[in-house]
Amino acid sequence: MALHLYDTATRSTRAFVPLVPGEVSMYLCGATVQGRPHVGHLRAGLVFDVLTRWLRASGLRVTLCRNVTDIDDKILARAIEEGRPWWAVAAHYERAFTDAYTALGVLPPTIEPRATGHVTQMVQLMQRLIERGHAYAVDGDVYFDVRSFADYGALSGQRPDDMEPAADSEFTSRKHDPRDFALWKGSKPGEPSWPTPWGDGRPGWHLECSAMATAYLGSTFDIHGGGLDLRFPHHENELAQSRAAGDGFAQYWLHNAWVTQAGEKMSKSLGNTMVVDEVLQRVRGIELRWYLVSAHYRSNIEFSDDALAEAGAAFRRIEHFVLRASERVGADAVGDVPTAFAAALDDDLGTPAAVAVLHGLVTEGNALLAKGAAMDADAVRALLGGVRAGLAVLGCDPLAEPWSRQGGEAAEYHAAVDALVRAELAERQRARAERDFATADAIRARLADAGIQIEDTTDGPRWSLAREAE
RNA sequence: GGUGGAGUGGCCGAGAGGCGAGGCAAGGGACUGCAAAUCCCUCUACACGGGUUCAAAUCCCGUCUCCACCUCCA
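Fair warning: this is a prediction, and the values are worked out from it, not measured in the lab.

(A) Focus on the state of the cysteines. Taken as a whole, this structure holds zero disulfides when the rule is applied. Cys 65 carries a free sulfur, and the closest cysteine sulfur to it, the one in Cys 209, is 8.6 Å from it. Here Cys 65 falls in the buried class, since its relative accessible area comes to 0%.

Encoded structure:
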């Protein structure tokens, strides 16, 4: 089965057919850089990272555009709060997001455009909308005329007449209709502004994505992604303004579900502590990634430390196999993804089923490894290759970048520790051979105190860092 | 008021008319000097009430509970 994706616009799972054969253009709504990234923020980046990896593994060339919203009301508010310029705030948190993406192994997008760098494109888009009668300027603001666009509400399944009247503060009186949304906000004293034919001002929230998506991906492109909450109003408005301007815009709309905590949504306004930096004090990045990636992207994740620890344990089982097997048959054995794994991902990115496939392979592989010298090395190599190929698509291959620690100083430390531990293990083996188990166990306990765990395999002892959940 | 989701075993978490995903935990067995790791076996499910069907966790009707969106959100 070829790739099928659930398209929010049609509320159905559709076969994915790219506009240009062999190529995929994808736009993802990225961060509004006004605070420290938390686990919820990262989910969209992670989900679409897996999709990108899967598309590439399927032989497609992917252009991924993930924007940075570096000007908006909250950034301005934050700047006042922190007592520094808005651009310093935006730059600071943009770096924090970049660090968080990197810590979770999210591949960098093809392009990461900032809103403030694309005012020209926004002005052009507004001009087109005004010419076509879909937008109007009032006192330096520019609004989209919702009534002028018949399909408004189609993406999110809303009908304008059923919507709650917008309690939209100060702008309401200037709008032709309360549901009209701001494309451009006229400048107020002390706020940053850019010049336009309608006066100085700054971008409204929705305009930037339409302007940047079409600037980099063309007037019509394949996939537009983001969190479920963005469906309305953000994506509805993007779609309206772009289609009204004559662009085809996105062909598929994908939305990931939320990360919640104790039933509460982890939004910026709740100010909870699931900040990525803090979670990474407790678990490795690869384990956090596994936790977030092994759930289906359209299912809610109720974040808890217990669930995170369980996911970590499940991942370690797979990781353990990969490490042990590669020690036996070599670390260069990356194969093709197993057929069942491919089928799972082709079915709307069914990562849970894909993960189950990997667990099955690991069980098989462990059984082979348990045979020791009598094992079928080719069979192990084949299983290892399949497991690693699958892990690579999920971004969780422990032997691949960025998780492998084979290079640089870390490798030198590893070699040094390895030499010391091997000496200890040799001593322990000698004691065991002499049935001096008190000494043997004392050595094992000493290593355990140092955070090193021992396994007695058919090929002799093997050591690794202990990674029990705390 | 409008729109859309969800309720699965001790826990996490899939599936979407028949043949119980997977993991974690638990119990038993194998292996081990003892462990650890690993393998094998076992146990516990589909919110509630009706209905359709040879067959319902899955479809339909109703009820309850929870959640999301309706111009700040990933």
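(B) Layout of helix H1 (residues 39-57). Taking 1.5 Å per residue, 19 residues should reach 27 Å; H1 reaches 26 Å between its end C-alpha atoms and fits that length. Along H1, 15 of the 19 residues are buried, which leaves the element largely enclosed by surrounding structure. Of the residues trailing H1, Gly 59 is marked for its positive phi of about 95°.

(C) Structural detail: the domain arrangement of chain A. Assigned domains within chain A: domain 1 (4-270), domain 2 (283-394) and domain 3 (411-465). If you average the C-alpha positions of domain 1 and of domain 2, the two centres end up 34 Å apart. With 27 residues of domain 1 in contact, the opposing surface of domain 2 contributes 25 residues. Here domain 1 meets domain 2 over a buried area of about 2,200 Å², counting both sides, of which 63% is carbon and sulfur. Of all residues in domain 1, the largest losses of buried area upon contact with domain 2 belong to Arg 43, Val 50 and Trp 54, amounting jointly to 29% of the total for that side. Across the domain 1-domain 2 interface, the total number found is one salt bridge.

(D) Molecular detail of the confidence of the model for chain A. Of the residues in chain A, 94% have a pLDDT of 70 or more, and the chain-wide mean is 90. Looking across chain A, the model is least confident in strand E12 (residues 264-265), with a mean pLDDT of 52, and most confident in strand E4 (residues 61-66), with 98.

(E) Here's a closer look at the sheet that holds strand E3 (residues 23-28). Here we have four strands laid out as an open sheet, ordered E4-E3-E9-E10, and parallel in their pairing. Of all the strands in the sheet, just E4 and strand E10 (249-256) have a single pairing partner and so form its edges. Taken over all neighbouring pairs, the strand axes of this sheet differ in orientation by 25° on average, direction set aside. When E3 meets strand E9 (residues 220-227), the two strands line up parallel, connected through three bridges. If you follow Met 26 over to E9, its bridge partner there is Ile 223. Sheet strands touched by helix H5 (residues 207-217): E3, E4, E9 and E10. Its angle to E3, the strand with the most contacts, is close to 160°.

(F) Spatial organisation of the sheet that holds strand E5 (residues 135-138). With antiparallel pairing, four strands are arranged side by side in an open sheet as E5-E6-E7-E8. Two strands close off the open sheet at either side, each with one partner strand: E5 and strand E8 (201-203). Going across the sheet, the axis of each strand differs from the next one's by a mean of 25°, ignoring polarity.

Conventions adopted
- Residues numbered from 1 in each chain as written.
- Chains lettered and ligands numbered in written order.
- Predicted model: local features only at pLDDT ≥ 70, side-chain atom pairs only at ≥ 80, totals over all residues.
- Heavy atoms only, no water.
- Disulfide = S-S within 2.5 Å.
- Buried < 20%, exposed > 50% of the residue type's maximum accessible area, 1.4 Å probe, protein only.
- Helix = DSSP H or I, 4+ residues; strand = E, 2+ residues; numbered from the N terminus.
- Expected span 1.5 Å × (residues − 1).
- Domains from an automatic or database assignment.
- Contact = heavy atoms within 4.5 Å.
- Buried area = accessible area lost by both parts, 1.4 Å probe.
- Salt bridge = Lys/Arg side-chain N within 4 Å of Asp/Glu carboxyl O.
- pLDDT = per-residue confidence, 0-100.
- Pairing = 2+ DSSP bridges.
- Axes fitted to C-alpha atoms, helices over the stretch in contact; angles between N-to-C directions.

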